[in-house]
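Tertiary structure, described
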2 protein chains.
Amino acid sequence: MPERGDGTRQRLLEAAADCFSANGYDATGVSEICHRAGVSKGGFYHHFPSKQAVFLELLEQWLGALEARLTQIRDESPSVPAALHKMVDTFDQVLGSARGRLPIFFEFMSKAQRDPAVWAATIAPYRRYRAFFAEMIRRGIAEGSFREVDAEATALLLVSLAVGLILQSLLDPQGEDWAEKAQRSIQLILYVLQREGA
Amino acid sequence: MPERGDGTRQRLLEAAADCFSANGYDATGVSEICHRAGVSKGGFYHHFPSKQAVFLELLEQWLGALEARLTQIRDESPSVPAALHKMVDTFDQVLGSARGRLPIFFEFMSKAQRDPAVWAATIAPYRRYRAFFAEMIRRGIAEGSFREVDAEATALLLVSLAVGLILQSLLDPQGEDWAEKAQRSIQLILYVLQREGA
DNA sequence: TAATAGAGACCGACTGGTCGGTATGTGAGA
DNA sequence: TCTCACATACCGACCAGTCGGTCTCTATTA
């Protein structure tokens, strides 16, 4: 049962996400968020202690959703390579559906450099991602899909590649078919992982 | 022959770079830059039309220097794989020496999303990087070091990897030995490129 | 059931301070 | 004396956060 103020709170969060995406954190005023949500300034500060609190909550939502999606794909896939491929397949979905929201990503990174609170909120899930993929690699080795590679190093490679691709696709959205590029790159990596090489 | 005001201008640029690195673009006030440079606000606006102009000039300097360094390494190396390895070797140098300055990187990206001027200044050199590496790959194929891969796709892979590694090393500086990780990753890629695989 | 008291939701004017940028002044060199 | 390189003082806009107050819903009591 939704509490009385939950709708307002949610509207504020969504409005904030829109504004931050469109204009960036610093350039977005609290009053702008309020206007968009149809809430007064007082209402805003009733629900959130500060502008940054909204920012952090959005960060948590976003990273959490991504992790949930990845976990879901992993659990639905028959094998580790299949799961990785599936993740790449949804790459452009992720990019497409959240296109407008992704620019906040940079904002997070940028802020994380300076603000310990943001840093903690960013680095923790990020390390979980690395651990998540390392675990996948280990599983792949166990199930016989992969050679006996260094799981941590390979996970780092995968995450780096993903991060780099996302970053570039953000920077230059219509420059390339990013999903296809991602597809190719991951295939190359998988090829190396799977083969019995020297 | 240095003009009368060149020293001041340079001091302003350096002060701005320091401030932007330490606190970010938005959080840095023009007066802060002026104070650090020992110049008045009038002096600042005598040399630069706006705060953004300084930002753009720094961006240009930074990207240009990186490109020059890469070109130098390429021209000094006996073969393409050697050049790539050398570039990776200097990876931690780049990270280390410019550690403090690199966070502006995010700022650039962040701003490039919204500001056409910054976008243009960012995307142009970035595309040159991709072309630069594609050309290197092609050269590697010509000299017999590499298999006949898709040069553009491989260049994208390399750049993505580099970007991803840089980004992560910025986010989590003392988490890993990033130079070594980079080393490993690039070796993996080179291994694939060089071998005569199926 | 009706009156009442209180708590949480929300309003919007206001504040204290900051910041980018400008207008004007000034001293030194040509 | 004229110009260039800078200094000083200042403006107007803006913005995060505050504060006193109102409205509405709910729980209690008579």
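Residues numbered from 1 in each chain as written. Chains lettered and ligands numbered in written order. Predicted model: local features only at pLDDT ≥ 70, side-chain atom pairs only at ≥ 80, totals over all residues. Heavy atoms only, no water.

Examining the overall build of chain A
Within chain A, the secondary structure is distributed over ten helices and zero strands. Scanning chain A from its N terminus toward the C terminus, one meets helices and strands in the order α-α-α-α-α-α-α-α-α-α. Projected onto its principal axes, the C-alpha positions of chain A cover 65 × 40 × 30 Å. The proportion of buried residues among the 198 residues of chain A is 48%. (Helix = DSSP H or I, 4+ residues; strand = E, 2+ residues; numbered from the N terminus. Buried < 20%, exposed > 50% of the residue type's maximum accessible area, 1.4 Å probe, protein only.)

Section: the protein's contact with DNA strand D
Every one of the 18 residues lining DNA strand D counts as a neighbour, but Val30(A), Lys41(A), Thr8(B), Ser40(B) and His47(B) are closest to it. A share of 60% of the atoms of DNA strand D within 4 Å of the protein falls on sugar and phosphate groups. Between DNA strand D and the protein, one listed contact pairs a base oxygen with a side-chain N or O atom of Lys41(A) at 2.5 Å. A distance of 2.5 Å separates a phosphate oxygen of DNA strand D from a polar atom in the backbone of Ser40(B). At the level of secondary structure, the elements contributing two or more residues to the surface near DNA strand D comprise helix H3 (41-47) of chain A together with helix H3 (41-47) of chain B. Counted by class, the surface near DNA strand D contains three nonpolar, ten polar and five charged residues. (Near = heavy atom within 4 Å. Polar contact = N/O pair within 3.5 Å; in protein donor to acceptor, adjacent residues only side chain to side chain. Nonpolar A, V, L, I, M, F, W, Y, C, P; charged D, E, K, R; others polar.)

Focus: the domain arrangement of chain A
Residue and element names in this part refer to chain A. Annotation of chain A at the domain level lists domain 1 (1-48) and domain 2 (50-194). Distance between the C-alpha centres of domain 1 and domain 2: 28 Å. Contacts between domain 1 and domain 2 engage 16 residues on the former and 14 residues on the latter. For the pairing of domain 1 and domain 2, the buried interface totals around 1400 Å² over both sides, and the portion due to carbon and sulfur atoms is 62%. There are two salt bridges connecting domain 1 and domain 2. In this structure, Asp 26 and Lys 111 form a salt bridge, with 3.2 Å as the shortest nitrogen-oxygen distance. (Domains from an automatic or database assignment. Contact = heavy atoms within 4.5 Å. Buried area = accessible area lost by both parts, 1.4 Å probe. Salt bridge = Lys/Arg side-chain N within 4 Å of Asp/Glu carboxyl O.)

Comments concerning the protein's contact with DNA strand C
Around DNA strand C sit 18 residues, and of these Thr8(A), Ser40(A), His46(A), His47(A) and Lys41(B) come closest. The sugar and phosphate moieties of DNA strand C supply 53% of its atoms located within 4 Å of the protein. Within the side chain of Thr8(A), one N or O atom sits 2.6 Å away from a phosphate oxygen of DNA strand C. With respect to DNA strand C, the backbone of Val30(B) contributes an N or O atom lying 2.7 Å from a phosphate oxygen. Elements represented by at least two residues in the surface near DNA strand C include exactly H3 of chain A together with H3 of chain B. The element contributing the most residues to the surface near DNA strand C is H3(A), with five residues.

Observations regarding the environment of Ala179(A)
Residues and elements named next belong to chain A. By the secondary structure assignment, Ala 179 is in helix H10 (residues 178-194). Among the residues examined, Ala 179 registers a relative accessible area of 17% and is labelled buried. Each C-alpha atom, one on Ala 179 and one on Leu 95, is 8.7 Å from the other, the two residues being 84 residues apart in sequence.

Examining the pattern of salt bridges
Any two side chains of opposite charge can pair, so long as their charged atoms come close to each other. The tally for this structure, following the rule as stated, stands at 20 salt bridges over all chains. Its salt-bridge partner being Arg184(A), residue Glu180(A) comes within 3.1 Å of it at the nearest N-O pair. Of this pair, Glu180(A) and Arg184(A) both sit in helix H10, separated by four residues, roughly a single helical turn. The salt bridge partner of Asp18(B) is Arg36(B), with a shortest N-O separation of 3.7 Å. Here the residue Asp18(B) occupies a position in helix H1 (residues 6-23), and Arg36(B) occupies one in helix H2 (residues 30-37), the gap between them amounting to 18 residues. Classification of Asp18(B) as partly exposed rests on a relative accessible area of 29%. Connected through shared salt-bridge partners, Glu135(A), Arg138(A), Arg139(A) and Glu152(A) make up one network.

Section: the side chain of Lys181(A)
Tracing the chain through its elements places Lys181(A) in helix H10. On the accessibility criterion, Lys181(A) (15% relative accessible area) is buried. In this structure Lys181(A) touches Glu176(A) and Leu156(B), once residues within four positions along its chain are discounted.

Description of the interface of chain A and chain B
Taken together, the 47 residues of chain A in the interface contact 47 residues of chain B. Between chain A and chain B, the buried area comes to about 4100 Å², and carbon and sulfur atoms account for 60% of it. Counting across the interface, chain A meets chain B through two salt bridges. Across the chain A-chain B interface, the total number found is eight residue pairs in polar contact (both at pLDDT 80 or more). Those elements giving two or more residues to the side of chain A that touches chain B turn out to be helix H1 (6-23), helix H7 (104-114), helix H8 (116-142), helix H9 (151-171) and H10 of chain A. Among the elements that make up the side of chain A that touches chain B, the one with the highest residue count is H9(A) (13 residues).

Some details on the nonpolar core
Proteins that are soluble and globular tend to have nonpolar side chains buried together. Among the nonpolar cores identified, the biggest contains 130 residues, and Leu84(A), Phe133(A), Leu84(B) and Phe133(B) are the most heavily contacted of them. Sequence-distant contacts of Leu84(B), that is, excluding residues within four places in its chain, are made with Phe133(B), Met136(B), Phe146(B), Leu158(B) and Leu190(B). (Core = buried A, V, L, I, M, F, W, Y, C linked by side-chain atoms within 4.5 Å.)

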